[in-house]
Amino acid sequence: MEHTVYRVYPYRWIILAATMLVNFTIQTLWIAYSPITSAAAAYYSVSEMAVGFFAMSFMIAFVPFSIPTSWLIDRFGYVWTVGAASVAVGIFGLLRGAAGHNYALAFAVTCGIAVAQPFLLNSWTKIPAAWFPARERATAVGLITIASILGTAAGLVLTPMLAERMSIAQVQLVYGVAASVAAGVFVLAAREKPRLPLDESACRERAFMIEGLKHALRTPSFVRFLVIAFIGMGIFNGVTTWVEGIVRPRGIGSSQAGMLGAIMLVGGVAGAVIIPFFSDRSARRTPFIILGLAGAIPGLLGLALAPGFALIAASAFVLGFFLIAVNPVGMQYAAEVARPTPEGTSNGLVTLAGQVSVLLVYAMEAINNATGTFTTSLMAVTALLAFSVVLATRLEEKIGKTV
């Protein structure tokens with residue numbers, strides 16, 4: 001009987017690092033206007049809602065492009081697809097910096113970045129599946145999550161600081177240069193798959209996209225997790241997009257608002273390290289998804305109601321630690337529960353559900369305009385988060401059956 005030789009390659013960490021770098025830079029480009037919403041509105045002579053659309057355009061673009069992107073990744077591999085998208089992000093990032101005071105041009109090239117983003121986000125489980133053994137995949141996805149968190153944190157913290165020293169267009173140019181460098185690193189480093197398989201799970205056949213798509217959407221636990229992803233990502237995107245407006249009524253300025261966003265993301269880094277590690281060690285996913293969702297509720301309530309900076313900062317840390325940690329564990333859970341659906345397809349569907357949460361982001365601002373405060377909208381999404389905890393208790397555990 002033929003004996004299959006397995007091997008785990010150290011080069012997997014190089015590819016993971018390059019993947020982390022391009023995800024870092026695109027998240028910085030995504031969030032770069034949120035901590036300076038009022039200043040950007042004045043710079044471009046538009047409303048704050050118009051500035052909010054810089055971030056929301058990423059979520060809107062994801063809706064029509066996510067599934068085609070997943071098909072392309074599964075059909076042609078991530079080296080060419082993610083590489084081309086990374087190069088496009090770098091080019092459009094440079095063009096956004098060159099747009100000057102022209103809002104229409106800056107927004108148009110932002111839409112170009114937004115169209116490229118699904119290629120990066122939909123490969124989060126594809127690359128670990130190709131290069132990492134099953135016991136390390138949630139950790140690998142967790143590290144990509146950390147890179148994205150740090151990219152968002154960099155945009156929240158650095159943007160107000162840089163905007164004090166240079167024009168907003170020049171700030172965007174700096175971020176465009178960084179994205180171009182990251183694209184070059186990825187193109188040089190990326191390889192599709194190792195010469196030998198990593199373990200038995202790497203040898204399993206995957207259903208092609210259409211069959212895999214049908215299978216995933218017929219899997220009750222996968223569909224339940226799509227709802228959880230919609231709620232969780234909606235809360236994360238809403239808080240990061242409107243962070244300045246959320247805390248402004250409590251006397252907190254844009255620089256401190258950026259710091260609060262960064263504190264939330266520092267908590268997220270810690271959570272994305274600790275919780276996926278224990279998930280991999282215990283070979284279980286659902287208890288950690290439930291823990292993350294339930295643990296985020298006190299943080300969200302504190303963000304809505306805490307009166308001073310210190311309490312708001314503590315709440316932001318708790319919210320980030322638990323809520324963001326759900327993402328890597330949940331992404332890997334979705335890939336496992338949907339098998340034999342290809343990782344690019346299952347990853348794309350989950351991320352699509354998260355990006356459709358732009359509806360929640362828009363609703364938060366609409367409620368704010370109607371009531372004069374974000375408190376009402378934050379309480380509403382807290383109720384949705386509690387519902388997601390209940391839904392998570394109905395997720396079927398699959399890791400022990402598939403790896």
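Residues numbered from 1 in each chain as written. Predicted model: local features only at pLDDT ≥ 70, side-chain atom pairs only at ≥ 80, totals over all residues. Heavy atoms only, no water.

Caption draft 1: View of the overall build of the protein. Along its length, the protein carries 18 helices and 0 strands. Taking 22 Å as the expected radius of gyration for a compact globule of 403 residues, we find that the protein reaches 20 Å, a close match to that expectation. Seen through its C-alpha atoms, the protein measures out along the principal axes to roughly 70 × 45 × 35 Å. Counting across all 403 residues of the protein, residues that qualify as buried make up 59%. Look at the contacts in the protein between residues 6 or more apart in sequence, and 86% of them connect residues 24 or more apart. With an accessible surface of roughly 15100 Å², the protein has 70% of that area assigned to carbon and sulfur atoms. Averaging the coordinates of the 25 positive side-chain charges in the protein and doing the same for the 17 negative ones gives two points 3 Å apart. (Helix = DSSP H or I, 4+ residues; strand = E, 2+ residues; numbered from the N terminus. Rg over C-alpha atoms; globule rule 2.2 N^0.38 Å. Buried < 20%, exposed > 50% of the residue type's maximum accessible area, 1.4 Å probe, protein only. Contact = heavy atoms within 4.5 Å. Areas by Shrake-Rupley, 256 points an atom, 1.4 Å probe, with all protein chains shown as cover. Lys, Arg positive; Asp, Glu negative; His and termini not counted. Charge placed at Lys NZ, Arg CZ, Asp CG, Glu CD.)

Caption draft 2: Here's a closer look at the packing of aromatic side chains. Tallied over the entire structure, the rule returns 16 aromatic pairs. Between tryptophan 71 and phenylalanine 76 the ring centres are 5.8 Å apart and the planes differ by 85 degrees, which places this aromatic pair in the edge-to-face class. On the accessibility criterion, tryptophan 71 (32% relative accessible area) is partly exposed. Here the aromatic rings of phenylalanine 321 and phenylalanine 322 are separated by 4.9 Å at their centres, their planes lie at 75 degrees, and the arrangement is edge-to-face. Residue phenylalanine 321 is classed as buried on the basis of its relative accessible area, which comes to 15%. Through pairs of rings, three or more aromatic residues link up here, namely Tyr33, Tyr43, Tyr44, Phe54, Tyr103 and Phe107. Taking NZ or CZ as reference, arginine 75 lies 5.1 Å from the ring centre of phenylalanine 76, over its face. (Phe/Tyr/Trp six-rings, centres within 6.5 Å; stacked < 30°, edge-to-face > 60°. Lys NZ or Arg CZ within 6 Å of the ring centre and 35° of its normal.)

Caption draft 3: Here's a closer look at the side chain of arginine 12. Tracing the sequence through the fold places arginine 12 in helix 1 (residues 12–31). Setting aside residues no more than four positions away along its own chain, arginine 12 makes contact with Trp131, Phe132, Pro133 and Glu136.

Caption draft 4: Spatial organisation of the environment of alanine 262. Here alanine 262 shows up in helix 12 (residues 254–282). Beyond its immediate stretch of four places on either side in the chain, alanine 262 contacts Ala153, Leu156 and Val157.

Note that all results are geometric; they support no functional claim without further evidence.
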